[in-house]
Structures are given as structure tokens and as C-alpha cells.
Amino acid sequence: MTSARRLAIAGALALLAITAVAPASAQTRPAYFDQPSTIEQVGRIAPGTRAPLLVLFSPVSSPSRASLPPALERSVPVPGFFVMRTPGVPSTSDFLPSFNSYVGWMEERVLADLERALREHPVDPERVYLVGFSLGGDTAWALLARQAARFRGAMVMGTRASASLRSSAIESLTTRGARLAFVIGTADESRRRDGIRRAFERARDAHIASELFEFGGSHQIPDESTYVRAISFMLDAAPH
């Protein structure tokens, strides 16, 4: 092989290597993870009692409050609760190509803020739930899979729920009596409908209390009736 040929091959290999690593190296930790989540009380909490905490995650290009809009916040079927709104308005480059990196950064943020919530507010540590739509739903599901012992349940909406539940996570969720609500529009894309159904069936077959809620819509927050039924199931509370 001639020197020119060897140099050409080496150059091509170098170009392939650069191309392969460029997307991953371009994904950096978003600065908003340096900002704490906001923690707010909703409704009335009786003195001397502890209330549930809902941790909200952001869809793409929207803040985390989009997973529980104010119009639906009033419909949560408990008299008082806390909401933790995670920071940031994520773009695609924040969570791709490595969704695991994004979840890891979110995990650090949420665990730190959860400790703060338990110190500063009358939060019931046995009733902490994850709620998210689209990217937020996938993030909630992935974090539940990684930290199942810390959470009582999740409500995942409009997502493929791509993370896998390990046997240890299943054991933690069943032991704690976790409740999982899966929500999807009948006109949402097939990848999301298939993914969320697989996650639901996996949880149901593992004897985790789970329910799949479908509504006549596409990739959107469900109508109020469906939302209330789903969140009521997760909280094991009767709808208003």
C-alpha cells in the first residue's frame, strides 16, 4: 500500500471518528440545572399534617408548569399539596443524543430539591409523585426507573416511556404500593402509543397498580375529565 493510500485511509478514519463524537461532545449540561426547582403550596394543608408533592417535568420548548396547567391544578383531588416545578425550557440539543445524560442531570437536580422540600415544607416523604408530558413524561418515567424507592408513583403523558424497569425497581414499586397512570391520545403517533402501552403492560404484568387512560386527541395535554381520572388514580383519591 502506498503512503498516499495510507494517508487517505487514515484521514477518512479520522473524519469518521470526528463525525461520530461530534454530536455527543456538542451536548453540554444546560445552565438551568444550576437553578433550584420552585416549590409551591396549592390549597390548604391542615396544621400538623403532611401533604403530597407533585414533581413536574418540562416538555420540549415549554416550562414544567405545562405538565399541570393552572386550569387543571384546581382539579387535583386532594385538599392541599405541594408542586415542585423543575427548571428550564429544554431544547432538543439538551437531551440528544444522550437522553441518559439529560436524565442524570435532572436526577441530581430533583434529588437535591427533594431534600430541600422535605426540610422546609410539611411534605409527606411517602407521597412524592412524578408528572410529565411528552419529554417530561419520558423524563418522569426514566427517573422513576432509576429512583423507584423514592417515589410513590407517576403520571406519564404523551410519551414513549422508553426506559426499562429493572427487577429492583419493580420490587421497590410493588413494595411501596406505587400507582402508575399512563395517558395517551388516540391520534398520537404510533411510536408513542406503542411505547406507552408497552410500559403499561410491563407494569401491570409486574403487579404494579397501573392504568392506561386514552382520550380523543393527538399529542397534547388530555381533556380535564381524563386528566382528573388519571391523577386521581395515581393519588388513590376519589375525583372531585
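Just above sits the structure.
Since we're looking at a predicted model, the values are computed, not measured.

1. Observations regarding the overall build of the protein chain
Of regular secondary structure, the protein chain possesses 8 helices and 7 strands. Of the roughly 11,400 Å² of accessible surface on the protein chain, 52% is carried by carbon and sulfur atoms.

2. Some words on the side chain of Thr-159
Counting through the fold element by element, Thr-159 comes out in the loop between strand S5 (153-157) and helix H6 (167-176). Of note is the side chain of Thr-159, whose polar atom sits 3.2 Å from the backbone nitrogen of Ala-161. What Thr-159 contacts, discounting residues up to four positions off in sequence, is Ser-134, Gly-137, Asp-138, Ile-184, Arg-192 and Ile-196.

3. Looking at the environment of Glu-189
For Glu-189, the position within the fold is in the loop between strand S6 (179-185) and helix H7 (190-205). In this structure Glu-189 comes out as partly exposed when scored by relative accessible area, which is 31%. Note: C-alpha distance between Glu-189 and His-219 (30 residues apart in sequence) is 7.7 Å. One polar contact links Glu-189 to Arg-191, side chain to side chain, over a distance of 3.0 Å.

4. Comments concerning the pattern of salt bridges
If you walk through the whole model with that rule in mind, you get 15 salt bridges. For the salt bridge of Asp-188 with Arg-192, the shortest nitrogen-to-oxygen distance reads 2.8 Å. Across the pair Arg-197 and Glu-214 runs a salt bridge whose closest N-O atoms are separated by 3.7 Å. Taken together, the residues span a long stretch of sequence, with Arg-197 in helix H7 and Glu-214 in strand S7 (residues 209-215) at a distance of 17 residues. Relative accessible area serves as the criterion here: at 41%, Glu-214 is assigned to the partly exposed category. Connected via shared salt-bridge partners are Asp-188, Glu-189, Arg-191 and Arg-192.

5. Side note on the nonpolar core
Leu-53, Leu-130, Trp-141 and Phe-182 are the most contacted members of the largest nonpolar core, which has 49 residues in total. In terms of residue count, helix H4 (residues 99-120) provides more of this core than any other element does, 8 residues in total. The residues touching Phe-182, leaving out its near neighbours within four places in the chain, are Trp-141, Val-156, Ile-196, Ala-199, Phe-200, Ala-203, Ser-210, Glu-211, Leu-212 and Phe-213.

6. Some details on the sheet that holds S5
The 7 strands lie next to each other as S1-S3-S2-S4-S5-S6-S7, forming an open sheet whose pairing is mixed. Two strands lie at the open edges of the sheet, namely strand S1 (38-43) and S7, each paired on one side alone. Here the average twist between neighbouring strands, direction ignored, is 20°. Direction of pairing for S1 relative to strand S3 (residues 80-85): antiparallel, over a ladder of 6 bridges. Opposite Thr-38, over in S3, you have Arg-85 as the bridge partner. Strands in contact with H4 are S1, strand S2 (51-57), S3 and strand S4 (123-133); relative to S2, the strand with the most contacts, it is inclined by about 155°. H7 rests against S5, S6 and S7 of the sheet, and its axis sits at about 160° to S6.

7. Quick look at the packing of aromatic side chains
Overall, the coordinates contain 8 aromatic pairs when judged by the stated rule. Ring geometry for Phe-33 against Trp-105: centres 6.5 Å apart, planes inclined by 50°, an arrangement best described as tilted. Of the two residues, Phe-33 is situated in the loop between helix H1 (3-26) and S1 and Trp-105 in helix H4; the sequence distance between them amounts to 72 residues. Under the relative-accessibility criterion, Phe-33 is labelled buried at 1%. Using a relative accessible area of 17% as the deciding quantity, one classes Trp-105 as buried. When the centroid spacing of 6.1 Å and the interplanar angle of 65° are considered together, the rings of Phe-213 and Phe-233 count as edge-to-face. Taken together, the residues Phe-213 in strand S7 and Phe-233 in helix H8 (residues 224-235) connect sequence positions 20 residues apart. Across the pair, Phe-233 and Phe-213 agree in class, each one buried.

Here is what the cut-offs are and how they apply
- Residues numbered from 1 in each chain as written.
- Predicted model: local features only at pLDDT ≥ 70, side-chain atom pairs only at ≥ 80, totals over all residues.
- Heavy atoms only, no water.
- Helix = DSSP H or I, 4+ residues; strand = E, 2+ residues; numbered from the N terminus.
- Areas by Shrake-Rupley, 256 points an atom, 1.4 Å probe, with all protein chains shown as cover.
- Polar contact = N/O pair within 3.5 Å; in protein donor to acceptor, adjacent residues only side chain to side chain.
- Contact = heavy atoms within 4.5 Å.
- Buried < 20%, exposed > 50% of the residue type's maximum accessible area, 1.4 Å probe, protein only.
- Salt bridge = Lys/Arg side-chain N within 4 Å of Asp/Glu carboxyl O.
- Core = buried A, V, L, I, M, F, W, Y, C linked by side-chain atoms within 4.5 Å.
- Pairing = 2+ DSSP bridges.
- Axes fitted to C-alpha atoms, helices over the stretch in contact; angles between N-to-C directions.
- Phe/Tyr/Trp six-rings, centres within 6.5 Å; stacked < 30°, edge-to-face > 60°.

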